[in-house]
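Coordinates in review
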Amino acid sequence: MKFNKHKTHESAPHHVTGTATYTDDLRSPIDLLHLYPVLSSHARAKISQIDYSRAQQVPGVVTVITPEDITGINNTCIVNLDEILLPTDEIYYHSQPIIWIVAETEAAAREGAKEVTIDYTPLEPILTIQQAIEANSFQGEPQVIQRGNPYLALDKAEYTLEGELEIGGQDHFYLETHVSWVTPDTEGNYQVYSSTQHPTETQIMVARVLGISRSQVVVTCLRMGGAFGGKESQSNPIAAIAALAAQKTGQSVRVRLKRNHDMIVTGKRHGFLGKYRVGFDLEGKISALDVDLYSHGGWSLDLSLPIMGRALFHIDNCYYIPNLAVRGNVAKTHTVSNTAFRGFGGPQAMVIIEEVIDRISRFLKSTPLEIREKNFYHGTGETNTTHYGQELFDNRLHQIWSQLKQEAQLKQRTAQVREFNQSHAYEKRGLAITPVKFGISFTKSEYNQAGALILIYLDGSIQLNHGGTEMGQGLHSKMLQVAAKSLGVNLDRFRVMPTSTDKVPNTSATAASSGSDLNGQAIKNACETLKERLAPVAAKLLNLYAPEDLVFAEDWIYSATNPNLKVSFDEVIGQAYLERISLSATGYYRTPNISWNPQTGKGRPFHYYAYGAAVSEVQVDRFTGTFKLRKVDIVHDVGNSLHPLVDRGQIEGGFVQGMGWLTMEELVWDNQGRLRTYSPSTYKIPTIADIPENFHISLLEKAEQPGVIYGSKAVGEPPFMLAISVREAIREAIAAFGDTQQVKLASPATPEAILRAIESLDCLQK
């Protein structure tokens, strides 16, 4: 089936008119209180004394939230109890919130925070991955996946190379910072409005900290102004601290982080260090790869272990490597606790394998294109099976690759770039094509489930509830399409309700690119239940005896064999009410045929794979190190798109965000552990000026995916990795300045990094 190519985002009119309601747009209760944090001035220290007596004297200050106010458990960690909400004796990172001031206005809370004095005994912090390695400071157990015997294969390899690459992190920089409102009632229950990707987990953490049952907490997410993974787990302490203040005061409480606070106290994309050794032959075929991955976890575990697991899964990207060992360790440091971010560890691993591909190509005086093509997964059986044992039964890479080379006119443009470089001494162009293979599913199997609730009213209007959250990515738009198609009615009947734990319980995060897959199937299941109830009613109205032969479409219910014999949807629901037939239904779905054994490092962790490829062309200036992205061509596999306009937007946005990570978004901490890039003035993200005028995207045609909601495929994360083509194009341009067997390009490839790479060439052209 085909969905409307031109249907807009369901919230587009509200976005452009400013009427879209976010958490902080709620009407303020007359008793609303505000919170402001007191932050640590050390990265690691013992707390000797806290004096907040002067803060309590500031006009408007109501109270102070300290660890003594916690009636439940002082911890908001997901995996194990290593994430203290409020420190009791030791500080674990610079600017860690220690206590919170509660006041009648935000200004009063801020003034109160200035009056707090804290005495510390400083301790020596660990601030970098390298320091953590030297101190043997790690979190959790090492993770390992191995196929074959890479050590023996490396010894036998015709050629070997070894190297390492450090990859920077990335701030989420969502437009809406973390915000949470909590209102208590008089019976010990709490309504929490939170900008969260995971309302259920926020509910769990609030209940844990307050020491009450989960049923006493309702968490509602209206919509988010961006998230990208940064609100999957890290919204939990924000909601919990607001709930603590609400519990203590009996009043409604708001926490809204300022931009600088949001950047300083929240986790980022994990920085990575990859150390590799690769074996290959004269043709460039890889026979063995041995990799150690280290991620910058920060002070607590958060989601670092599954993020590292995802990196281990994607170290191959699109390449068959017969002998492979990859080990992952999470470095424990005294910095913010790093967290989920679009791609969830996959992008870092893919950058490393593409680095390896480039090293091989330059060593053999070949091209990266040739080395990539020689090592692609192909055929059936072993050469089309990953290092963790899952066969790529839906391998569409070769089709995409061939189509993209043709659409991007790769051969002709390669010659044009070469000609330009020969005639320009101080500006060089680079052209690169890179692939993406990304597994779709939560790798923790129990998260692959979803629920929905549909309510039909007698005027024909319908409320749609599901467990996914809307963060601007268009999930609600797609779910409307699914519901309308499944129930056979028009879109304008539906109202998508805010995601809430009292409507759909025990949900998974809207993450892992699985929001449409999971919630769409749950909605379809609820619609099928309703149709099963309504079909016999319609059959009686039509004097038919086979309700299973009825078709629901475009607000009518009609006979499949005689379409002129029909009855309106409104008439049927009216009759169903008279016959006392329920007009509400729940839906449920769990992803089938997935499994993973971490002990053996083998299984089928993904329901399917999303594929794509991109060609990027850049121009680099010899004197400034700046680059201009001239043109981008993309072919991406979204299956049978549920919403082509939304999917194109996701591809464009993911690509640009990935380009920002790889080229300009540089996080800088000083030697005291303070983040120095904590505002738009010091942290550069892509702007409209960085997007190429020539930006061409093709959705793979005739690509329906079996076993997924209406043949669609996930599109949230996979396009992010297409931006690796920009990094590789910059490398090609740098190499054009001189003869070299290696281009040492840092990540992110800032102008300074590009200049250093040019200066490091073996023989600069004069």
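Everything numeric here is computed off the predicted structure, so don't read it as measured data. (Residues numbered from 1 in each chain as written. Predicted model: local features only at pLDDT ≥ 70, side-chain atom pairs only at ≥ 80, totals over all residues. Heavy atoms only, no water.)

**Notes on the environment of proline 97**
Short version of the rule: Runs of H or I in DSSP of at least four residues are treated as helices and runs of E of at least two as strands, each being numbered from the N terminus. A contact between two residues is defined here by any heavy atoms of the two lying within 4.5 Å.
Among the secondary structure elements, proline 97 is positioned in strand S5 (residues 97-103). C-alpha separation for the pair proline 97 and isoleucine 212, spaced 115 residues apart in sequence, amounts to 24 Å. Excluding its chain neighbours within four sequence positions, the residues that come into contact with proline 97 are Pro37, Val38, Leu39, Leu85, Leu86, Pro87 and Val265.

**Structural notes on the nonpolar core**
As a reminder, the rule being used: To define a nonpolar core, start from buried Ala, Val, Leu, Ile, Met, Phe, Trp, Tyr and Cys residues and group those joined through side-chain atoms within 4.5 Å. Summary of the burial criterion: residues with accessible area below 20% of their type's maximum are buried, those above 50% are exposed, and those between are partly exposed, where the area comes from a 1.4 Å probe applied to protein chains only.
Leu293 and Phe655 are the most contacted members of the largest nonpolar core, which has 145 residues in total. One finds Leu85, Val192, Leu210 and Ile238 within the second-largest nonpolar core, a separate group that totals 34 residues.

**A look at the environment of threonine 249**
Put simply, the rule is: What qualifies as a polar contact is a pair of N or O atoms within 3.5 Å, subject to a donor-acceptor requirement within protein and to the restriction that residues adjacent in sequence count only when both atoms come from side chains.
Here threonine 249 lies in helix H6 (residues 236-249). C-alpha of threonine 249 to C-alpha of leucine 33: the two residues are 216 residues apart in sequence and 9.1 Å apart in space. Polar side-chain contacts of threonine 249 include one of 3.2 Å to the backbone nitrogen of glutamine 251.

**As for the domain arrangement of the protein**
Put simply, the rule reads: An automatic or database domain assignment provides the domain bounds reported here. Summed over both partners, buried area is the accessible surface (1.4 Å probe) that two parts give up on being assembled. The term salt bridge refers to a side-chain nitrogen of Lys or Arg lying within 4 Å of a carboxyl oxygen of Asp or Glu.
Split into domains, the protein comes out as domain 1 (32-124 + 172-265), domain 2 (126-170 + 268-379), domain 3 (395-438 + 607-765) and domain 4 (449-590). Its C-alpha centre places domain 3 at a distance of 41 Å from the equivalent point of domain 4. Taken together, the 17 residues of domain 3 in the interface contact 16 residues of domain 4. In total, domain 3 and domain 4 occlude about 1,300 Å² of area from one another, counting both sides; carbon and sulfur atoms represent 57% of this. Looking only at domain 3, the three residues that lose the most surface to domain 4 are Leu642, Ile709 and Tyr710, adding up to 46% of its buried area. Here lysine 478 ties to aspartate 647 by a salt bridge, and the two come within 2.6 Å at their closest N and O atoms. Here domain 3 is connected to domain 4 by five residue pairs in polar contact (both at pLDDT 80 or more).

**A look at the packing of helix H9 (residues 346-363) against helix H10 (residues 368-375)**
Here is the rule we go by: Only C-alpha atoms enter the line fits that serve as axes; for helices the fit covers just the stretch in contact. Angles between N-to-C directions range over 0 to 180 degrees. Put simply, a crossing is left-handed when the front helix is turned counterclockwise from the back one by less than a right angle, and right-handed when it is turned clockwise. Classification used: nonpolar for Ala, Val, Leu, Ile, Met, Phe, Trp, Tyr, Cys and Pro, charged for Asp, Glu, Lys and Arg, polar for all others including Gly.
Running from N to C, H9 and H10 point in directions that differ by 115 degrees, and their axes come no closer than 8 Å. Along this stretch, H9 crosses H10, giving a crossing that reads as right-handed. For the pair H9 and H10, the contacting residues are Glu354, Ile357, Asp358, Ile360 and Ser361 in the first and Pro368, Ile371 and Arg372 in the second. In terms of residue class, the contact of H9 with H10 is made up of four nonpolar, one polar and three charged.

**Re helix H13 (residues 475-487)**
To be explicit about the condition: Expected span of a helix: the number of residues minus one, times 1.5 Å.
Its 13 residues place the ends of H13 18 Å apart at the C-alpha level, agreeing with the 18 Å of an ideal helix rising 1.5 Å per residue. The element H13 is largely enclosed, with a buried count of twelve among its 13 residues. One or two positions beyond H13, positive phi appears at glycine 488, with a value near 75 degrees.

**With respect to the packing of aromatic side chains**
Note the cut-off: Aromatic pairs are defined between Phe, Tyr and Trp rings, using the six-membered ring for Trp, whenever the two ring centres lie within 6.5 Å; interplanar angles under 30 degrees are classed as stacked, those over 60 as edge-to-face, and all others as tilted.
The final tally for this structure, using the stated rule, is 21 aromatic pairs. When the ring of phenylalanine 280 is compared with that of phenylalanine 363, the centres are 5.7 Å apart and the planes differ by 85 degrees; the resulting orientation is edge-to-face. Placement of phenylalanine 280 in strand S13 (residues 272-280) and of phenylalanine 363 in helix H9 is noted, with a sequence separation of 83 residues between them. Of the residues examined, phenylalanine 363 reaches a relative accessible area of 28% and is grouped as partly exposed. Taking 5.5 Å as the distance between ring centres and 35 degrees as the angle between the ring planes, the aromatic pair formed by tryptophan 661 and phenylalanine 720 counts as tilted.

**A short note on the pattern of salt bridges**
Within the structure shown, the criterion is met by 41 salt bridges. With its nearest N and O atoms 3.3 Å apart, the salt bridge here joins aspartate 316 to lysine 437. Of the two residues, aspartate 316 is situated in the loop between helix H8 (304-313) and strand S15 (323-332) and lysine 437 in strand S16 (residues 427-440); the sequence distance between them amounts to 121 residues. With relative accessibility at 1%, the residue lysine 437 sits in the buried group. Through salt bridges with shared partners, a single ionic network connects Glu355, Asp358, Arg362, Arg727, Glu728, Arg731 and Glu732.

**A closer look at the pairing of S13**
Test applied: Being paired, for any two strands, means DSSP has found at least two bridges between them.
Among the nine residues that make up S13, seven are buried, leaving the element largely enclosed by the rest of the structure. As paired elements, strand S8 (residues 159-167) and S13 share nine bridges and run antiparallel to each other. By the bridge assignment, glutamate 166 is partnered in S13 with leucine 273. Of the pairings in the sheet, the one linking S13 to strand S14 (residues 286-298) comprises nine bridges and is antiparallel in character. Paired with leucine 273 across the strands is tyrosine 294, a residue of S14. Connecting the antiparallel pair S13 and S14 is a turn made up of five residues, with glycine 284 showing a positive phi of about 95 degrees.

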